[in-house]
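Observations on the model geometry
What follows is each chain in one-letter form.
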Amino acid sequence: MTRTFVISLYVLILYPILFLTFNPAVTPIIAGISTLIGLSYCARSAYVQFIRPRPRHPYRLIGHAILSFWLGIVLNLGLALLPSRLHPVWSDALANVTLTLFLFLTALVLARLIDWSSFRQNRLLYLDGFILFGMSFAFGYVLILQNVPEFARTPLELVAMTVYAICFLALLFAFLILYTTGLRDTTRHRLLLQSVALFCVTNLGYYTFLVRDQMEIAVFFLPLYPISLAGLIGYFRDVPPVVTSQRTLSRPYLPYVSLALLLIWISFFEVPGIVYILAITVLFSLFLIRQFFSERRNQQLFQEHEIVELDLARRVKEQTSLLELRKEEYRRLFLDHPEPILQINRTGSLHAMNPAAAERFGQDLPDQLLHQLRQEVASLTSSRKLLLQDGKLTYDTTLIPVPEHDYVYALLSDITETLEQEQWLESLGYHDALTRLPNRRYFEEQLEKQLTQLDIGSLLFIDLDGFKQVNDQYGHDAGDYVLQETANRLRLHLRDDEVAARLGGDEFIVFLVRSKPETIQYTEMLINQLNQPFWFKGTAMSVTPSIGIARYPDDGTTTSLLLIRADEAMYSVKQHEKNAYRFK
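Rules of the game
- Residues numbered from 1 in each chain as written.
- Predicted model: local features only at pLDDT ≥ 70, side-chain atom pairs only at ≥ 80, totals over all residues.
- Heavy atoms only, no water.
- Helix = DSSP H or I, 4+ residues; strand = E, 2+ residues; numbered from the N terminus.
- Buried < 20%, exposed > 50% of the residue type's maximum accessible area, 1.4 Å probe, protein only.
- Contact = heavy atoms within 4.5 Å.
- Areas by Shrake-Rupley, 256 points an atom, 1.4 Å probe, with all protein chains shown as cover.
- Pairing = 2+ DSSP bridges.
- Right-handed = clockwise from strand over helix to strand, strands pointing away.
- Polar contact = N/O pair within 3.5 Å; in protein donor to acceptor, adjacent residues only side chain to side chain.
- Patch = residues over 30% accessible without salt bridge, like charges linked within 9 Å, V, L, I, M, F, W, Y side chains within 5 Å.
- Salt bridge = Lys/Arg side-chain N within 4 Å of Asp/Glu carboxyl O.
- Axes fitted to C-alpha atoms, helices over the stretch in contact; angles between N-to-C directions.
- Phe/Tyr/Trp six-rings, centres within 6.5 Å; stacked < 30°, edge-to-face > 60°.
- Lys NZ or Arg CZ within 6 Å of the ring centre and 35° of its normal.

The next subject is the overall build of the chain. The number of helices and strands found in the chain is 21 helices and 12 strands. In the chain, buried positions account for 43% of the 584 residues. Of all intrachain contacts in the chain linking residues separated by at least 6 positions in sequence, the fraction that spans at least 24 positions is 66%. Entry remark: accessible area of the chain is about 32100 Å², with carbon and sulfur atoms responsible for 60%.

This part covers the pairing of strand E12 (residues 580-583). Relative to E12, strand E11 (residues 544-552) runs parallel, the two being bridged by 4 bridges. Looking at the pairing, Gly548 lines up with Arg582 of E12. What joins E11 to E12 is helix H21 (residues 559-576), and the crossover it makes is left-handed.

Here the focus is unusual backbone geometry. The phi torsion of most residues other than glycine is negative, and most of the peptide bonds are trans. The amide bond that connects Tyr552 to the next residue, Pro553, takes the cis arrangement and shows omega of 5°. Relative to the helices and strands, Pro553 resides in the loop between E11 and H21. The backbone of Arg436 sits at a positive phi, close to 60°, despite the residue not being glycine. When you line up the elements, Arg436 lands in the loop between helix H16 (416-427) and helix H17 (440-451). Exposure remark for Arg436: the relative accessible area of 52% places this residue in the exposed category.

Looking now at the pairing of strand E6 (residues 457-465). Summarising burial for E6: 9 of the 9 residues are buried, a large majority. Going residue by residue along E6, you find Gly457, Leu459, Phe461, Asp463 and Asp465 tucked away on one face and Ser458, Leu460, Ile462 and Leu464 tucked away on the opposite face as well. The pairing of E6 with E11 spans 9 bridges and is antiparallel. For Leu459, the partnering residue across the bridge sits in E11 and is Ala550. Across 6 bridges, the pairing between E6 and strand E8 (residues 507-512) is antiparallel.

Along the chain, the position of Gln343 falls in strand E1 (residues 341-345). Given the relative accessible area of 8%, Gln343 is considered buried. Within the structure, Gln343 has its side chain in polar contact with the side chain of Tyr409 (distance 3.1 Å). Dropping the residues within four chain positions of it, Gln343 is found in contact with Ser349, Leu350, His351, Ala352, Tyr407, Val408 and Tyr409.

Let's shift gears to a nonpolar patch on the surface. There is a patch of nonpolar side chains on the surface, built from Leu61, Leu101, Phe104 and Leu108 and spanning about 320 Å² of accessible area. With respect to the helices and strands, the residue Leu108 is situated in helix H4 (residues 89-113).

Here we take up the sheet that holds E1. Within the open sheet, the 5 strands sit side by side as E2-E1-E5-E4-E3. Their pairing is antiparallel. The open sheet has two edge strands, strand E2 (350-353) and strand E3 (384-390), and neither has a second partner. Between one strand axis and the next, the sheet turns through 30° on average, direction left out of account. Bridging between E1 and strand E5 (residues 407-414) involves 5 bridges; their strand directions are antiparallel. By the bridge assignment for E5, Ile344 is matched with Val408.

The next thing to look at is the packing of aromatic side chains. Across all of its chains, the model carries 10 aromatic pairs by this definition. Judged by centre distance (5.8 Å) and plane angle (70°), the ring pair of Phe69 and Phe199 falls under edge-to-face. With Phe69 in helix H3 (residues 60-81) and Phe199 in helix H9 (residues 187-210), this pair connects stretches of sequence that are 130 residues apart. Residue classification places Phe69 among the buried residues on the basis of a relative accessible area of 1%. Each ring, one from Phe102 and one from Phe199, has its centre 5.0 Å from the other, and the planes form 55°; the classification is tilted. In this pair, Phe102 sits in helix H4 while Phe199 sits in helix H9, placing the two residues 97 residues apart along the sequence. Exposure remark for Phe102: the relative accessible area of 1% places this residue in the buried category. Here Phe199 falls in the buried class, since its relative accessible area comes to 3%. Above the plane of the ring of Phe583 lies Lys516, whose end atom (NZ or CZ) is 4.7 Å from the centre.

The analysis is restricted to geometry; functional conclusions fall outside its scope.
If you want it as structure tokens, here you go:
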């Protein structure tokens, strides 16, 4: 934003001054001084940004080019101020060498940015390249080259100006190719194209009027040089991002626009007849060839488009048939599924049920079951599983919302018998009768299955310090209460996939599916809770825990090995400090 403001201020102040002081003697001096100041600033910036830094900047070449241009302007302005006897003709040719070097180096840098692979991917770019080259040469000849022999004072100056014009045409050609093959329209790439375009317009305008000996008009273009060079510095300051090839003619209109402009120029400017005939013949021939290949390409694209449409129609037909097949499969699944399936509206009313549901429930669902479903489906956004109760019956229920429809499928499976079997298994001895915690047998069996599905975990072996004294002093009823309350505190902060168990006596084990820092956090919180008094019939009793911790899989990959490691760590705590924890 600051750079744009400075440039706008520069233009808004300078050009009104040039117009107000329009004088063949004064205007060139003001334009020259302002241009020299602006170019000196650009030269300093180019040196700081491209020449001085170490390691070398990838676009160091653009820094040398800008310094060469600044040196050429300084030499030209210095020579213009010298008397004629100290200003030989050959000195002007020598000064223009630095300006020519700028054009050559800048053209090389732009050529590095061109995505040449686009030409291999799209052969029409070859023809566009020839057309743009012809346009560039024709423009240059009409505006500048044909007037150079009359303007040059010596053969040396003629050679210098011709080489300069050719290098300028090369720069213009590289810019047009770069623009045609396409740089993505990011802010930075637009800055490059705008800067080079401004330089080409400035240079073309300046030399168009210079070779016609209209210096009072030509100088109006001079102050635009620093603006264009400042844009180049701004673009190349950071290494330009790599531009992925677009494989298409991003600017296909450019050759047509340039042809129209050429016809206008050669119609209003005097050119030799042979040049006029050659320009019209060659360039129109190239355009006819381009149109021929373009038509062939369009025809090929049209055929490919038809093939794609036919393939798309075939795919749509296949997918439609597959969709109808899936609908029939879902219908048969709904009708023939042995378990009840309900279709519930979002309002909670029953819309349909399959034969298995009708056989089980009749025409109406039990009120308790319908009430539970109504609460669940109202805000359901994704499939979920839950248990529903209907009197003594328990249903394992899966709710499946149908996208873009106002109903939900409910799949019910009666698991009452399964739950009763689980309760019966518990009665066989999988739980501790006093604390209602799982016992060692249940813990080992479940953990052995769980370990195969885990990446990390911690096994805590907990022994209560001072429990014997509680039994001896307050009796076994008090001791039983301490064990029950300890079990409650162990369960307090466990997650769904974690388990606590009683080994026997005052020994407990806990398995946590947590990282080491999370295990430490739980253990410290557990120690704090077990340090709180145990109140029994108005009496406060105290015990403290000694906790040993084994990490899975670092300390062991089986339940038995983890128990051994955790037990060893617990005994180490009990012998040295108590009321603490220690990792194996």
